[in-house]
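Residue strings, one per chain:
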Amino acid sequence: MSSAPPAPGIVPVLPKGPSGPEGAPAALAERRLPTILWVLPPVAVLALVFLYPLALVVQESLSPGAYSDVFGSQAFRDALATTVWLAVGATVGCLVLGFVLALIIAFVPFPGGKAVAKFIDVFLSFPSFLITLALLFVYGTVGMANGLWTDFTGAAEGPFHFLTTPWGVLLAEITYFTPFVMRPLLAAFSQLDTAQLEVASSLGARPARIVRRVILPEALPALAAGGSLVLVMCLNEFGIVLFTGAKGVTTLPMLVYGKAILESDYPAACVVAVVNIAISVGLYSLYRMVSRRVGA
């Protein structure tokens, strides 16, 4: 059966050129061209303000004998050990304290709970040195705690001098970075099905068992994310160590500052900076690899 002829006045248009199958790559390229144009400016800015200075740092660190001199110095080994133990200790403290505080805010009803949760969001915007200054006003040599002690006992000075020690730096870091663990935990707790808690409670499970068997498994991804963030930030923290005035505490960022600004030894400072960057990137890569394997 023959096909009907086209209606009068209508001319059939056959696909050809870019509209046909052979023109598909050209049309696809036309669609992708604007995307490439949008991507190029931020990539160029990133290369100019970050990659190029980073390349200069790496190039300066390759000066003859720079790595051997730095790795052979006792100051670098002490700074590396201090940086690692402060970062690990602060991360563990933030995980424990953040988990407990997030549990109280999320599951223990008390007046002002919502206001406290909102204050955590505001706290995240505070600079680290501001928290350190607040601790100095409370526990410093002429702070409130020492002032009250001398007023009541008549002693010449108070007993609180730990802020200038590694323990003071650890306390300041835990105080400042704990909300970075609490924020993802509160988000995870808000998505937790409360029916599971009610069922467990009706079956006679005690609060500690509910936390261990129901809440903690749901919070593990948030704990891993917050803990990883705190660990990397503590490895690179500079303001807290500087503002506490801890003379015997030298971390890798402080060593970079001392080598570059105080000693004008730029190759050594660049070597320490490259090591600090390598540790941070390595920890982040490890976190990403573990997250993919566990399906987080």
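The preceding data block contains the structure.
Residues numbered from 1 in each chain as written. Predicted model: local features only at pLDDT ≥ 70, side-chain atom pairs only at ≥ 80, totals over all residues. Heavy atoms only, no water.

Q: Just checking my understanding: could you explain the side chain of Ser-128 for this structure?
A: You can see Ser-128 is positioned in helix H5 (residues 128-139). For Ser-128, a relative accessible area of 13% translates into the label buried. Looking at Ser-128, its side chain comes within polar contact range of the side chain of Glu-237, at 3.1 Å. (Helix = DSSP H or I, 4+ residues; strand = E, 2+ residues; numbered from the N terminus. Buried < 20%, exposed > 50% of the residue type's maximum accessible area, 1.4 Å probe, protein only. Polar contact = N/O pair within 3.5 Å; in protein donor to acceptor, adjacent residues only side chain to side chain.)

Q: For this particular structure, what's the right way to read the nonpolar core?
A: Buried together is how nonpolar side chains tend to be arranged in soluble globular proteins. Counting 42 residues, the largest nonpolar core has Phe-177, Leu-185 and Phe-189 as the members making the most contacts within it. Mapped onto this core, the elements with two or more residues apiece are helix H3 (74-107), helix H4 (113-123), H5, helix H7 (166-190), helix H8 (194-202), helix H9 (207-235) and helix H10 (239-244). No other element matches H7, which puts twelve residues into this core. Excluding residues that lie within four positions of it along the chain, Phe-189 makes contacts with Phe-99, Ala-102, Leu-103, Ala-106, Phe-107, Ile-215 and Ala-219. Judged by nonpolar contacts, the second largest core, of ten residues, contains Ala-66, Phe-76, Ala-79 and Val-272. (Core = buried A, V, L, I, M, F, W, Y, C linked by side-chain atoms within 4.5 Å. Contact = heavy atoms within 4.5 Å.)

Q: Honestly, the packing of aromatic side chains in this entry has me stumped. Any pointers?
A: Each aromatic ring pair is described using two quantities: the centre-to-centre distance and the angle formed by the ring planes. Taken as a whole and assessed by the stated rule, the structure comprises 16 aromatic pairs. Plain terms: the ring middles of Tyr-139 and Phe-162 are 5.5 Å apart, the flat faces sit at 50° to each other, and that makes the pair tilted. With Tyr-139 in helix H5 and Phe-162 in the loop between helix H6 (144-153) and H7, this pair connects stretches of sequence that are 23 residues apart. For Tyr-139, a relative accessible area of 29% gives the class partly exposed. Each ring, one from Tyr-176 and one from Phe-180, has its centre 5.8 Å from the other, and the planes form 55°; the classification is tilted. Of this pair, Tyr-176 and Phe-180 both sit in helix H7, four residues apart, which is roughly one turn of the helix. Note on accessibility: Tyr-176 and Phe-180 belong to one class, buried. In this structure an aromatic cluster arises from ring pairing among Phe-119, Phe-123, Phe-126, Tyr-176, Phe-177 and Phe-180. (Phe/Tyr/Trp six-rings, centres within 6.5 Å; stacked < 30°, edge-to-face > 60°.)

Q: Please explain unusual backbone geometry as it appears in this structure.
A: For residues that are not glycine, phi is negative in most cases, and the peptide bond is trans in most cases. The backbone of Ser-264 sits at a positive phi, close to 55°, despite the residue not being glycine. For Ser-264, the location among the structural elements is in the loop between helix H11 (252-262) and helix H12 (266-294). Ser-264 sits in the partly exposed class, given a relative accessible area of 47%.

Q: Would you explain the pattern of salt bridges in this entry?
A: Two side chains with opposite charge may pair up if their charged atoms get near one another. A full pass over the atoms with the stated rule returns one salt bridge. The shortest N-O distance in the salt bridge between Glu-263 and Lys-259 comes to 3.5 Å. (Salt bridge = Lys/Arg side-chain N within 4 Å of Asp/Glu carboxyl O.)

Q: Please explain a nonpolar patch on the surface as it appears in this structure.
A: Residues Val-84, Val-88, Val-92, Val-96, Leu-97, Val-100, Leu-101, Ile-104, Val-108, Phe-110 and Val-116 make up a contiguous nonpolar surface patch of about 800 Å² in total accessible area. If one sorts the elements of the nonpolar patch by residue count, H3 sits on top with eight residues. Looking at the secondary structure, you find Val-88 in helix H3. (Patch = residues over 30% accessible without salt bridge, like charges linked within 9 Å, V, L, I, M, F, W, Y side chains within 5 Å. Areas by Shrake-Rupley, 256 points an atom, 1.4 Å probe, with all protein chains shown as cover.)

Q: Please explain the side chain of Asn-276 as it appears in this structure.
A: Positionally, Asn-276 belongs in helix H12. The contact partners of Asn-276, leaving out residues within four places of it in the chain, are Leu-235, Asn-236, Leu-252 and Pro-253.

Q: How should I be thinking about H4 in this particular structure?
A: The periodicity of an α-helix, 3.6 residues per turn, causes residues three or four places apart in sequence to face the same way. Along H4, the positions that sit buried rather than exposed are Gly-113, Ile-120 and Phe-123. The buried residues of H4 occupy one face: seen down the axis, they fall within an arc of 70°. When the buried face of H4 is taken as reference, the exposed residues oriented beyond 90 degrees from it are Lys-114, Ala-115 and Lys-118. Next to the buried residues of H4 lie H3, H5 and H7. (Arc of directions from axis to C-beta.)

Q: Got a minute to help me understand the environment of Thr-141 in this structure?
A: With respect to the secondary-structure elements, Thr-141 resides in the loop between H5 and H6. Take Thr-141: its relative accessible area is 55%, and that puts it in the exposed class. Sequence spacing of Thr-141 and Phe-160 is 19 residues, and the spatial spacing of their C-alpha atoms is 6.9 Å. Every residue in contact with Thr-141, bar those within four places of it in the chain, is listed here: Asn-146 and His-161.

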